[in-house]
Each structure stands twice: as C-alpha cells, then as structure tokens.
Amino acid sequence: MDIKKSQYKLIVIGGSAGSFSVVTALLKQIPKKFEIPIIICMHRLKHVRSGFEETLSLISKNMVTEPFHNDVLEKGKIYIAPANYHLIVEPEMTISLSTEELVNYTRPSIDVLFSSAAHSLKSSVIGIILSGANKDGARGLAQIHEMGGCTIVQDPTEAQVSTMPLTAIEQCKPTFVFKQNQIIDFIIDVSKTRR
Amino acid sequence: MGNIIYTKISAYQRQEFLEKCRYLFPEMNMYAHSFIERRIAYVMEQMNIMDWEKFMESMNDSEFPENFMAKFIVPATEFFRDSEVWKVLYHTILPKILMFDPCVIWIPDCTSGKELFSLLILLEIMGVRKRVSVIVGCKSKPIIKNIQKASYPLHTEMILQSNFKATAIPFDIGDFYHKNVNSIVFQKHLLETVTFVESSSILSQNPPNVSFVLYRNTLLYVSLKNQHTFIAHIYKNMQYGGYLALGLKEGKSVFEIKTLFSLEYPDELIYRKK
C-alpha cells in the first residue's frame, strides 16, 4: 500500500486487556505539541471514572482529556473515550458522545469509534488495534481499511492477549502488523511529515 | 446501535425522511443531523428493512409512528447510572429542594423510567416521596404505559444492585421490588405522586414552579441550536435557586447554561438557577 504520511488527520487506537502498558509507552514517547489528534478507546469498568485520565496525563507530554459532547478535535491533544459513552467522530472534526445501545457488549465500543472515523474522515485516518480479549474493533478497522485509511495491528505474538489482534488481522488484512516499538516510531514519523 | 457497529443513512435520505415526517413527527427537526442519520439506520436494521424505498413505503403504515418511535428513542441505560450523581442528590440536592414550596421535580424526557424509579426510591428512603410532585414527560402513550407497569427485565437487577451499592446509601434496594421469573417489578405505590404528560417535545411542557430538573444524557442527541432553546425553556419554568442535573459529558458548549445557571457541582454537572 502506498502510504502518504502527510494525509492523516486523526489517529484512533483501540485496546482492551493487556493494552494499557502499550498505551502508556506510547504516550510517554510522543513528543510535545504532537501534530495529529489521537483518540484512545479502551475497555474499562463503566463505574470507575476517576483516575484514568489523571494517570495518563502524568506520563504524557501532551494534554490528555476525556472529551465533552461537541468538543472540537485539536492537534496536541490525546482524547480518551469516557466510560459508559460511545465516542463518535463527526465529519467536521468534532466529537459526539452517545449512550446508545452497547456494541460488542461494551460502551465505549472500539468498532463505533473506528467506523465513525472511517465514515467521517475517509482515508485520513490511522486505526490501531492493540492487545485485547474480545473481537471489538475488528470490523471498524476493516472499515478504515476500506475507506483507504492506514490500519495497524499489534503483533499478536507480542500482545499480552492476542484475541483482538488476531481477529483484526483476520477481518481486515491490515496495512501493517507492528510490534509496540514499531507502532510508536510510525506514529511519531507520521506527525513529523505534517510540520 | 445493537450489534450494528456504525451505519448512517445519507444526508439526502435524512432530508427526504424529514420532509415526509414533517407532520408525523414534527419534533424530529430538533435532533442533531448525525444522530438522525445513524438512528434511522439503526431503526431500519431493527425493523429488518434494508432497502430505503421500502422503508419510505413503510412510513405509510398506520402502526409505523408507534413502532418507529419505540426504536428511535435512546432508552436511559441504567438505574442509578453515575452513582456519584445519585449520592450527591441524596445527601445534598434533594434535602435542599425540599425547602421549596411547592416542591416539584420535572423529568422532561423520560424514555425508560429507570431514572424516574431511581429518583422515587431515593425520595422513599428519605421518607419525603409524598411531599414531592414529579412531572414526567414521555414521547408516547406506550412509553407511559410501559413505565407504569414498573417491570424491567431480570438482567437489569444486577446493574441496579451494583450501581446502588456504589452510592453507599445504607439501604436494601431489594425492599423496593419483587422478582418474577423473567423480571423485577417495582412497588407501584412509588408512582403515586407522579404525573405523566404525553409530549413530543420539552417545549410543549410548562410545569410551573419547578425546583429540580432531571435532564440527563438527552442534549447529546439534540442540535446545538435546540440545546440552547431547551436550556432557556428549563430556566423559564424553574423557581429561583432551583437545580438542574445534566449528563456528565454534555452541555459544555451551551452558552445559556453559563449565563443562566451557576455550576454548583462540577464533577456531577449539577447547576443552580441564578
């Protein structure tokens, strides 16, 4: 696949069991004033709201935030899907939140985030699936792929729990299967092309 | 969204739908376009209609309005959703609003009754339920009838129990319902002081002297322009010093809230009328 790294406007990342360490490594290494907004959707206990955003804020050089409905996506910010809300990317680069029905038994659902990003921003999206114990995110990643976006799956041999990466590879045939360090290098490299 | 991950009808189809339902659902224009587009796709899936032309034809059926609206609205997701909010209501807000005379609580857009029963249970535990009038707006008669049955699927009991436990209110929630084979049924006397109003829009409801408005996770689906209008309408119907509870992630972009209300409980998004 021909990768034009300057085409990307948004990075969406989904993970579940075993993905937290990858996310923290990523946030630690991403440079300040990162050029592309990043949205992270991780499965978490819905009634535990405090601590997550704060923990990630401590390790990130960029602002980490749980967005409000109608917030505008801005570069230099890392957005965390709030517990018990679906996060939807709108075409005008805004965020909608929703309490609509669970998808894949979960809310927020990675599939909802990825699919909405694919519908709204077409080929301008990078979708990344990390370690996880269920199948959420695979269909959404396939939609990013169909729309011409870049799709990356964490190498299942490295992932703490391989179900989510394996399902994504099966359903999507991703652009890249990367180890953690390769994912981080790729993201940093993409951001550099936008300066 | 059910098992559908994310599908939308096109902007053209949305417009065609809005034109056709101008008289059927005059309130449809209040919703955000993107919400209408994905929700209609969801309803089509639920009605097992994949073809747009067939969906448009189905709108001519006499039963369409009721069937459509039952699926289109987003039901409140849980009893005692966001337990910290209910904790603040129990310990702080409800005792304060009892000072109002009359004491009127307004739930303008009730879809499943789960927030209503959560509220009524708190009032009952406090021993003040009979002193409070609760006005509840619902989109249709079937929704009102469903809520009046006070019956919910058995699987909702687990969330009810765990969310209530998280409020740390020292009471056995099991005292308020009994179990059947497939359901839990709340005590119907809880509804004694509730007045149901069939209403397609908050704007057609004008309950007087409201002291507290429970309006959580509804603005999420409304266009920004209407979010402003609805907040102003709530303000108009409230007593001075009354309280407004919104969902934890909504309302930030509504300018009226900042000018008309003060944010008294930022973590729980509970406002007070200035």
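Residues numbered from 1 in each chain as written. Chains lettered and ligands numbered in written order. Predicted model: local features only at pLDDT ≥ 70, side-chain atom pairs only at ≥ 80, totals over all residues. Heavy atoms only, no water.

S.K.: Account for helix α4 (residues 64-72) of chain B, naming residues and giving values.
M.R.: All names here are of chain B. For α4, every residue scored as buried is listed here: Phe64, Phe68, Met69 and Phe72. Projection of α4 onto a plane perpendicular to its axis shows the buried side chains occupying an angular sector of 110 degrees, all on one side. In α4, those exposed residues whose orientation departs by more than 90 degrees from the buried face are Glu66 and Ala70. Taken together, the buried residues of α4 touch α1 (11-20), α2 (33-46) and α3 (52-58). (Buried < 20%, exposed > 50% of the residue type's maximum accessible area, 1.4 Å probe, protein only. Helix = DSSP H or I, 4+ residues; strand = E, 2+ residues; numbered from the N terminus. Arc of directions from axis to C-beta. Contact = heavy atoms within 4.5 Å.)

S.K.: Hey, could you go over the packing of aromatic side chains for me, with residue numbers and the actual values?
M.R.: All names here are of chain A. Following the criterion strictly, the structure yields 28 aromatic pairs over all chains and no others. The interplanar angle of 55 degrees and the centroid separation of 5.3 Å between the aromatic rings of Phe176 and Phe186 together place this pair among those described as tilted. Of this pair, Phe176 sits in strand β9 (residues 176-178) while Phe186 sits in helix α6 (residues 180-192), and the two are ten residues apart along the sequence. On the accessibility criterion, Phe176 (23% relative accessible area) is partly exposed. (Phe/Tyr/Trp six-rings, centres within 6.5 Å; stacked < 30°, edge-to-face > 60°.)

S.K.: Any chance you could break down α2 of chain B for me, citing the residues and the numbers?
M.R.: Here α2 of chain B spans 20 Å end to end across 14 residues, near enough to the 20 Å set by a 1.5 Å rise per residue. In terms of burial, α2 of chain B is largely enclosed, as eleven of its 14 residues are buried. Of all the residues in α2 of chain B, the buried ones are Ser34, Phe35, Ile36, Glu37, Arg38, Arg39, Ile40, Ala41, Tyr42, Val43 and Met44 of chain B. Looking at the buried residues of α2 of chain B, the elements they touch are β5 (86-89) and β6 (95-98) of chain A together with α1, α3 and α4 of chain B. Directly after α2 of chain B, the chain includes Asn48 of chain B, whose backbone phi takes a positive value near 60 degrees. (Expected span 1.5 Å × (residues − 1).)

S.K.: Explain the sheet that holds strand β10 (residues 270-273) of chain B to me, using residue names and the numbers behind them.
M.R.: Residues and elements named next belong to chain B. What the seven strands build is an open sheet, ordered β6-β2-β1-β7-β8-β10-β9; its pairing is mixed. Lying at the two open borders of the sheet, with one neighbouring strand each, are β6 (194-198) and β9 (261-265). Within the sheet, the average angular offset between the axes of one strand and its neighbour, ignoring direction, is 20 degrees. The sheet contact formed by strand β2 (residues 133-138) and β6 spans five bridges and is parallel. Note that in β6 the partner of Cys138 across the bridge is Glu198. The sheet strands contacting helix α5 (residues 83-97) are β1 (104-107), β7 (210-215), β8 (238-246), β9 and β10, and the helix crosses β7 at an angle near 165 degrees. Contacting β2 and β6, helix α7 (residues 141-149) crosses the sheet at an angle of about 160 degrees to β6. (Pairing = 2+ DSSP bridges. Axes fitted to C-alpha atoms, helices over the stretch in contact; angles between N-to-C directions.)

S.K.: For the side chain of Arg107 of chain A, give the residues involved together with the corresponding values.
M.R.: Along the polypeptide, Arg107 of chain A turns up in the loop between β6 and α3 (110-121). Summary of buried charges: Arg107 of chain A has no salt-bridge partner, and the nearest side chain of opposite charge, Glu78 of chain B, is 4.0 Å away. Looking at Arg107 of chain A, its side chain comes within polar contact range of the side chain of Asn84 of chain A, at 3.0 Å. Here Glu100 of chain A takes part through its backbone oxygen, which lies 2.9 Å from a polar atom of the side chain of Arg107 of chain A. Contact partners of Arg107 of chain A, with chain neighbours within four places excluded, come to Asn84, Tyr85, His86, Ser98, Thr99, Glu100, Glu101 and Leu102 of chain A together with Thr77, Glu78 and Arg81 of chain B. (Lys, Arg positive; Asp, Glu negative; His and termini not counted. Salt bridge = Lys/Arg side-chain N within 4 Å of Asp/Glu carboxyl O. Polar contact = N/O pair within 3.5 Å; in protein donor to acceptor, adjacent residues only side chain to side chain.)

S.K.: Explain the interface of chain B and chain A to me, and be specific about the residues and the numbers.
M.R.: Residue-level contacts link 33 residues of chain B with 31 residues of chain A. When the two sides are added together, the surface that chain B and chain A hide from each other amounts to roughly 2800 Å², 50% of it contributed by carbon and sulfur. Linking chain B with chain A are five salt bridges, by the criterion used here. Here Arg38 of chain B and Glu100 of chain A are joined by a salt bridge, their closest N and O atoms 2.7 Å apart. It is α2 of chain B that provides the largest number of residues to the side of chain B that touches chain A, a total of five residues. Residues belonging to the side of chain B that touches chain A are distributed by class as follows: 15 nonpolar, eight polar and ten charged. (Buried area = accessible area lost by both parts, 1.4 Å probe. Nonpolar A, V, L, I, M, F, W, Y, C, P; charged D, E, K, R; others polar.)

S.K.: For the sheet that holds strand β3 (residues 63-65) of chain A, give the residues involved together with the corresponding values.
M.R.: Residues and elements named next belong to chain A. Read from one edge of the open sheet, seven strands run β3-β4-β2-β1-β7-β8-β9, paired in parallel fashion. With one partner strand each, in any of the chains shown, β3 and β9 form the two edges of the open sheet. Averaged over all neighbouring strand pairs, the angle between strand axes comes to 20 degrees, with direction disregarded. In this structure, strand β1 (residues 10-15) lies alongside strand β2 (residues 38-42), joined through five bridges in parallel fashion.

S.K.: Account for unusual backbone geometry, with residues named and values stated.
M.R.: Residue Pro108 of chain A is bonded to the preceding Arg107 of chain A through a cis peptide linkage, with omega at 10 degrees. Positionally, Pro108 of chain A belongs in the loop between β6 and α3. Note the cis peptide between Asp101 of chain B and Pro102 of chain B, where omega equals 0 degrees. Even without a glycine there, the phi angle at Asn70 of chain A is positive, about 80 degrees. Assignment of secondary structure puts Asn70 of chain A in the loop between β3 and β4 (77-80). In this structure, Asn104 of chain A is a non-glycine residue whose phi angle is positive, near 55 degrees.

S.K.: I'd like a description of the packing of α5 of chain B against helix α8 (residues 156-167) of chain B, backed by residues and values.
M.R.: All names here are of chain B. Running from amino to carboxyl end, α5 crosses α8 at an angle of 55 degrees, the nearest separation of the two axes being 8 Å. The angle between α5 and α8 falls in the class oblique. At the point where α5 passes α8, the crossing takes the right-handed sense. Contacts from Ser83, Trp86 and Lys87 in α5 reach Asn163, Ala166 and Thr167 in α8. (Parallel < 35°, antiparallel > 145°, perpendicular 65-115°, else oblique. Left-handed = near helix turned anticlockwise from the far one by under 90°.)

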